[in-house]
Amino acid sequence: MKLLITGGGTGGHVNPGLAIAKYAQSRRNDVEIRFAGTSTGIESKLVPREGYKLYTVDVRGLKRSMSPSAVLYNIATLQKSLTATSKAKKILREYQPDVVVGCGGYASYPMVHAAQQLHIPTVLLEVNAFPGVVTKSCAKKADRVLISFENTRELLENRPNIRLTGAPVRGEIIFADRAKARKKMKLVDDEKLVVSFWGSLGALYMNRHMAGFIELESQHDSFRHIHATGTAAYKWLPDSIKEKGVDLDKHPNIELREYIYDMADVMAAADLVICRAGAATLGELCVLGKPSIIVPSPYVAENHQEKNARALEQKGACKVITEPECTPEKLYQAVTELLNDDEKLAEMGRCAKTMAIVDSSEKIYQYILEAARK
């Protein structure tokens, strides 16, 4: 069986694809898997790192503004999309996949659209509660549309090809060993680890707050902290921290990374996670049973991240702080209060575990097989 998995732009669209790929390989030996995305998105780093071939197409997202410059940008973008679809058809004719799996993001559109024009079976994975543009535009012709939230079904017009599966979680996350991970990271028994990230691209507003947060924690050095800045902030955040009088060389307990490539070990070792509310991330938190402080991104359609986060909060699995109310001081206070309350951390972890969707990867795999057999 040949699979072509496409998606990109952010880790939230790439990591589910990698989870599907690895699960399919664990279920059968004869599966061949390749990926498609862009040469500039995070997929260009993550996919080759995992040993998969990546086809690239030149495509970019549309701007929602109606300003003259945005209109011109969008016209050029649509022209690129036509060229990208043409290239996608050439790739599909060469590779001849049995099924194309679209994991979302503008990077997935050319390959999914081309596959549907060539009558190659397509499966769309929508991990967010509010479906993205690619899912909406390609759902009608897809063989299966796999969703993570029941309310997504109605937003996609209750089509008969929709199935509820949940978001796939990478096997290395599911089977991560906390004790081994902490030993690998040289954490002693009573040392607390905080892990924070705002997505593969980072978030300008929240990364600015992280400079203030790190300034506060440097005054006490009471816990270990790994912060993933994202691509853009990695260039300027260290200087912003230095401007606040913090010399990171003198605080080895604080570590800045552009991206956390060994996320399975880091998440397993963590005592508390600070993050956005992308569905893929929340699925990993639930599987691992990790307490979290979630600052949902307000820059998403229908404010779906806050809806995702509130669902966890209502079950006692996390603390939600909206971006407008989040300050370095408030975030630092929330972190220290939780780290000083082991019972609360344990309860949040137990609540997160109860929200994990069982066998999501197997369900997704079976629906991909169904599409491939058509």
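Residues numbered from 1 in each chain as written. Predicted model: local features only at pLDDT ≥ 70, side-chain atom pairs only at ≥ 80, totals over all residues. Heavy atoms only, no water.

Participant: Hey, could you go over the overall build of the protein for me, with residue numbers and the actual values?
Facilitator: A tally of regular secondary structure across the protein gives 16 helices and 13 strands. Relative to the globule expectation of 21 Å for 374 residues, the C-alpha radius of gyration of the protein, 21 Å, shows essentially globular dimensions. Taken over the C-alpha atoms alone, the protein extends approximately 60 × 50 × 35 Å along its principal axes. Residues counted as buried form 55% of the 374 residues belonging to the protein. In the form shown here, the protein has an accessible surface area of approximately 17,100 Å², with 51% of it arising from carbon and sulfur atoms. (Helix = DSSP H or I, 4+ residues; strand = E, 2+ residues; numbered from the N terminus. Rg over C-alpha atoms; globule rule 2.2 N^0.38 Å. Buried < 20%, exposed > 50% of the residue type's maximum accessible area, 1.4 Å probe, protein only. Areas by Shrake-Rupley, 256 points an atom, 1.4 Å probe, with all protein chains shown as cover.)

Participant: Please give an account of the nonpolar core that cites residues and values.
Facilitator: Membership of the largest hydrophobic core comes to 34 residues, with the highest contact counts inside it found for Leu 193, Phe 197 and Ile 294. When residues of this core are traced back to their parent elements, those giving at least two are β8 (193–197), β9 (224–228), α11 (263–269), β11 (272–275), α12 (279–288), α13 (304–314), β13 (318–320) and α15 (342–354). Membership of the second largest hydrophobic core comes to 33 residues, among which are Val 14, Val 31, Phe 35 and Ala 279. (Core = buried A, V, L, I, M, F, W, Y, C linked by side-chain atoms within 4.5 Å.)

Participant: How would you summarise the packing of helix α9 (residues 204–218) against helix α14 (residues 328–339) if you had to cite specific residues and measurements?
Facilitator: The contact between α9 and α14 brings their axes to 8 Å, and the two run at 50°. In terms of their interaxial angle, α9 and α14 are classed as oblique. α14 is crossed by α9, and the crossing has right-handed handedness. Note on element contacts: α14 touches α9 through Pro 328, Glu 329, Leu 331, Tyr 332 and Val 335, opposite His 209, Met 210, Gly 212, Phe 213, Leu 216 and Glu 217. Its residues placed into classes, the contact of α9 with α14 shows seven nonpolar, two polar and two charged. (Axes fitted to C-alpha atoms, helices over the stretch in contact; angles between N-to-C directions. Parallel < 35°, antiparallel > 145°, perpendicular 65-115°, else oblique. Left-handed = near helix turned anticlockwise from the far one by under 90°. Contact = heavy atoms within 4.5 Å. Nonpolar A, V, L, I, M, F, W, Y, C, P; charged D, E, K, R; others polar.)

Participant: Please give an account of the packing of aromatic side chains that cites residues and values.
Facilitator: Two numbers describe a pair of aromatic rings. These are the distance of the centres and the angle of the planes. By the definition in use, this model includes five aromatic pairs. Centre to centre, the rings of Tyr 55 and Tyr 95 are 6.3 Å apart; their planes meet at 55°, and the pair counts as tilted. Of this pair, Tyr 55 sits in strand β3 (residues 53–56) while Tyr 95 sits in helix α3 (residues 68–95), and the two are 40 residues apart along the sequence. Take Tyr 55: its relative accessible area is 8%, and that puts it in the buried class. Taking 5.7 Å as the distance between ring centres and 70° as the angle between the ring planes, the aromatic pair formed by Phe 213 and Tyr 332 counts as edge-to-face. With Phe 213 in helix α9 and Tyr 332 in helix α14, this residue pair connects regions lying 119 residues apart in the sequence. (Phe/Tyr/Trp six-rings, centres within 6.5 Å; stacked < 30°, edge-to-face > 60°.)

Participant: Lay out the pairing of β8 in plain terms, naming residues and giving numbers.
Facilitator: The element β8 is largely enclosed, with a buried count of five among its five residues. Side chains of β8 alternate between two faces, with Leu 193, Val 195 and Phe 197 and Val 194 and Ser 196 buried alike. Here β8 pairs with β9 via five bridges, running parallel. When the bridges of β9 are listed, Leu 193 appears paired with Arg 224. Sheet analysis places β8 next to β11, joined by three bridges and oriented parallel. Counted as the bridge partner of Val 194 is Leu 272 from β11. (Pairing = 2+ DSSP bridges.)

Participant: Summarise the layout of surface pockets; cite the residues concerned and give the values.
Facilitator: Reported here for the second largest pocket is a volume of approximately 290 Å³. As for the second largest pocket, its lining consists of 18 residues, and the residues nearest its centre are Ser 148, Phe 149, Gly 283, Met 355 and Ile 357. Every element with two or more residues in the lining of the second largest pocket is listed here: α12 and α13. Considering each element in turn, the lining of the second largest pocket owes the most residues, five residues, to α12. (1 Å grid on protein atoms, 1.4 Å probe; cavity = no way out; pocket = protein on both sides within 12 Å on 5 of 7 lines; lining within 4 Å. Points joined across faces, edges and corners; volume = space filled by probe spheres on them.)

Participant: Go over the sheet that holds β13, please, and point to the residues and values.
Facilitator: Read across the sheet, six strands follow the order β10-β9-β8-β11-β12-β13 without closing on themselves; strand pairing throughout is parallel. Of all the strands in the sheet, the pair left with one neighbour each is β10 (254–257) and β13. Sheet twist, expressed as the average angle between the axes of neighbouring strands with direction ignored, equals 15°.

Participant: Outline the side chain of Arg 170, supporting the account with residue identities and numerical values.
Facilitator: By the secondary structure assignment, Arg 170 is in the loop between β7 (162–164) and α7 (171–174). Of the residues examined, Arg 170 reaches a relative accessible area of 10% and is grouped as buried. Among the polar contacts listed, one links the side chain of Arg 170 to the side chain of Glu 284, at a separation of 3.0 Å. (Polar contact = N/O pair within 3.5 Å; in protein donor to acceptor, adjacent residues only side chain to side chain.)

Participant: Mind laying out the sheet that holds strand β6 (residues 144–147), listing which residues take part and the relevant values?
Facilitator: Whenever strands of a sheet pair, they do so through backbone hydrogen bonds, lying parallel or antiparallel. In spatial order, the strands read β3-β2-β1-β4-β5-β6-β7; together these seven strands make up an open sheet with parallel pairing. Only two strands of the sheet have a single neighbouring strand rather than two, namely β3 and β7. On average, adjacent strands in this sheet sit at an angle of 25° to one another, irrespective of strand direction. Bridge analysis of strand β1 (residues 2–6) against strand β4 (residues 99–102) gives four bridges, and the strand direction is parallel.

Participant: Any details on the packing of α12 against α13? Residues and values, ideally.
Facilitator: At a closest axis distance of 10 Å, the pairing of α12 and α13 adopts a crossing angle of 15°. Between α12 and α13, the crossing angle belongs to the class labelled roughly parallel. Of the two elements, α12 crosses α13, and the hand of that crossing is right-handed. Here Ala 279, Leu 282 and Cys 286 of α12 come into contact with α13, specifically with Asn 308, Ala 309 and Leu 312. In terms of residue class, the contact of α12 with α13 is made up of five nonpolar, one polar and no charged.

Participant: So what about the pattern of salt bridges? Which residues, and what values?
Facilitator: Any two side chains of opposite charge can pair, on the condition that their charged atoms come close. Under the counting rule described, the total for this entry stands at 22 salt bridges. A salt bridge links Asp 30 to Arg 28; the shortest N-O distance between them is 2.6 Å. Of the residues examined, Asp 30 reaches a relative accessible area of 45% and is grouped as partly exposed. (Salt bridge = Lys/Arg side-chain N within 4 Å of Asp/Glu carboxyl O.)

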